[in-house]
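In case you want the letters, here they are:
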Amino acid sequence: MKATAAVVLYWTGARVGSNATGMASKKGVEGFGILNLRIRHIKFTTTSVILEYAGKKGMHQKHILPMNDAAHKLVAKHLKQLAAGKGKEDLLFSVPAKTKGKVTPLTFGLFSKYLKSNGFTMGAHKLRHVRGTSAVKRLLEENTWKPSKTATTLAKRQREAEKWIKEKVLVKIANILGHQSKNKTTGVTTPAWQTSIKSYINPDVVRQWFVSNKLDVPNWVPNKLDT
């Protein structure tokens, strides 16, 4: 159960959920993380596992885990075992306790101890930081930025580069990590890439990218991770 939760957290980049049995904020808004997901939040199809729930501040979250390799299929098998025989409001990450009719949930404390015992000493919440940074590295490796023919000045190249990395990299990271901003007037949500770069991505990776392209590091790239 602990290993499955760790893999799901890393793959999805989702929030941990600090209280295994809690779900509502002080304002009464549902907000879940992986550890306190209910059975109603998981769906199995022939090709994937879908996790869909209200995250922090009630923001809609949806993660699709495709069963396209042995690792994904194994995790799907374990999730099905965890979900078997449970009601829709039961915790996904829980197992029967020794006392009949009781369950033992995977609490934040137990999960943190598990990670530490396996060499991950930074804490459960830092899994999102690792996921965010590794995803940025992968996206920068897979995609190459080139200035357009009309970008004949450093200022123009700078603008194009900043626009490119926001749209092609940082917005995607915000979507992976579930960082969203909701317009209070229109109700429209947009990816909050600013949150991602401020608190969940090692800024040195982004800073080095600008330097390697002989550009200035924008002031929106922090000097260090805001933790």
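Further up the page is the structure itself.
### A look at the overall build of the chain
For step 1, the next point in the chain: Within the chain, the regular secondary structure consists of 7 helices and 7 strands.
For step 2, the next point in the chain: Listed by position from the N terminus, the elements making up the chain come as α-β-β-β-α-β-β-α-α-α-β-β-α-α.
For step 3, the next point in the chain: By principal-axis analysis of the C-alpha atoms, the chain measures approximately 75 × 40 × 35 Å.
For step 4, the next point in the chain: Taken over 227 residues, the chain has a buried fraction of 39%.
For step 5, the next point in the chain: For the chain, the proportion of contacts with a sequence separation of at least 24, taken over those separated by at least 6, is 52%.
For step 6, the next point in the chain: In the chain, 40 positive and 13 negative side-chain charges are present, and the distance between their average locations comes to 6 Å.

### Let's talk about the nonpolar core
Most often, soluble globular proteins have nonpolar side chains that are buried together.
For step 1, the next point in the chain: Counting 30 residues, the largest nonpolar core has Ile34, Leu79, Leu92, Phe93 and Phe111 as the members making the most contacts within it.
For step 2, the next point in the chain: At 5 residues, the largest contribution of residues to this core is made by helix α2 (residues 70-83).
For step 3, the next point in the chain: With residues near it in sequence (within four places) discarded, Phe111 still touches Lys2, Ala5, Ala6, Leu9, Val16, Leu35, Leu106, Ala124 and Leu127.
For step 4, the next point in the chain: Among the nonpolar cores identified, the runner-up in size contains 24 residues, and Leu140, Trp145, Ala174 and Val221 belong to it.

### Digging into the sheet that holds strand β1 (residues 42-44)
For step 1, the next point in the chain: Strand order in the open sheet formed by 3 strands is β1-β2-β3, with antiparallel pairing between adjacent strands. Two strands in the sheet have a free side with no partner beyond their single neighbour: β1 and β3 (60-66). Each adjacent strand pair in this sheet contributes to an overall mean axis angle of 15°, direction not counted.
For step 2, the next point in the chain: Relative to strand β2 (residues 48-54), β1 runs antiparallel, the two sharing 3 bridges. The residue of β2 that forms the bridge with Phe44 is Val49.
For step 3, the next point in the chain: With respect to the sheet, α2 is in contact with β1, β2 and β3, its orientation differing from that of β1 by roughly 120°.

### Let's talk about the pairing of β3
For step 1, the next point in the chain: Going residue by residue along β3, you find Gln61, His63 and Leu65 tucked away on one face and His60, Lys62, Ile64 and Pro66 left uncovered on the opposite face.
For step 2, the next point in the chain: Inspection of the sheet shows β2 paired to β3 by 7 bridges, in the antiparallel sense. Across the sheet, residue Leu51 finds its bridge partner in β3, namely His63.
For step 3, the next point in the chain: Turn length for the β2-β3 hairpin, with the two strands adjacent in sequence and antiparallel, is 5 residues, and the turn residue Lys57 shows positive phi of about 60°.

### As for helix α1 (residues 2-12)
For step 1, the next point in the chain: Turning to α1, its buried residues number three or more, namely Thr4, Ala5, Ala6, Val8, Leu9 and Thr12.
For step 2, the next point in the chain: Tucked inside the fold, the buried residues of α1 contact β2, β3, α2, α3 (108-117), α4 (126-142) and α5 (154-177).
For step 3, the next point in the chain: Two residues or fewer past α1, Gly13 is found with a positive phi of approximately 70°.

### Considering the pattern of salt bridges
For step 1, the next point in the chain: For the structure on display, the rule yields 3 salt bridges.
For step 2, the next point in the chain: Here Glu89 ties to Arg40 by a salt bridge, and the two come within 2.7 Å at their closest N and O atoms. Placement of the pair is Glu89 in the loop between α2 and β4 (94-96) and Arg40 in the loop between α1 and β1, with a sequence separation of 49 residues.
For step 3, the next point in the chain: Its relative accessible area of 41% is what places Glu89 among the partly exposed residues.
For step 4, the next point in the chain: Notably, a salt bridge pairs Glu142 with Arg138, separated by 3.3 Å at the nearest N-O pair. With a gap of 4 residues between them, Glu142 and Arg138 both fall in helix α4, about one helical turn apart.

The rules behind these values
- Residues numbered from 1 in each chain as written.
- Predicted model: local features only at pLDDT ≥ 70, side-chain atom pairs only at ≥ 80, totals over all residues.
- Heavy atoms only, no water.
- Helix = DSSP H or I, 4+ residues; strand = E, 2+ residues; numbered from the N terminus.
- Buried < 20%, exposed > 50% of the residue type's maximum accessible area, 1.4 Å probe, protein only.
- Contact = heavy atoms within 4.5 Å.
- Lys, Arg positive; Asp, Glu negative; His and termini not counted.
- Charge placed at Lys NZ, Arg CZ, Asp CG, Glu CD.
- Core = buried A, V, L, I, M, F, W, Y, C linked by side-chain atoms within 4.5 Å.
- Pairing = 2+ DSSP bridges.
- Axes fitted to C-alpha atoms, helices over the stretch in contact; angles between N-to-C directions.
- Salt bridge = Lys/Arg side-chain N within 4 Å of Asp/Glu carboxyl O.

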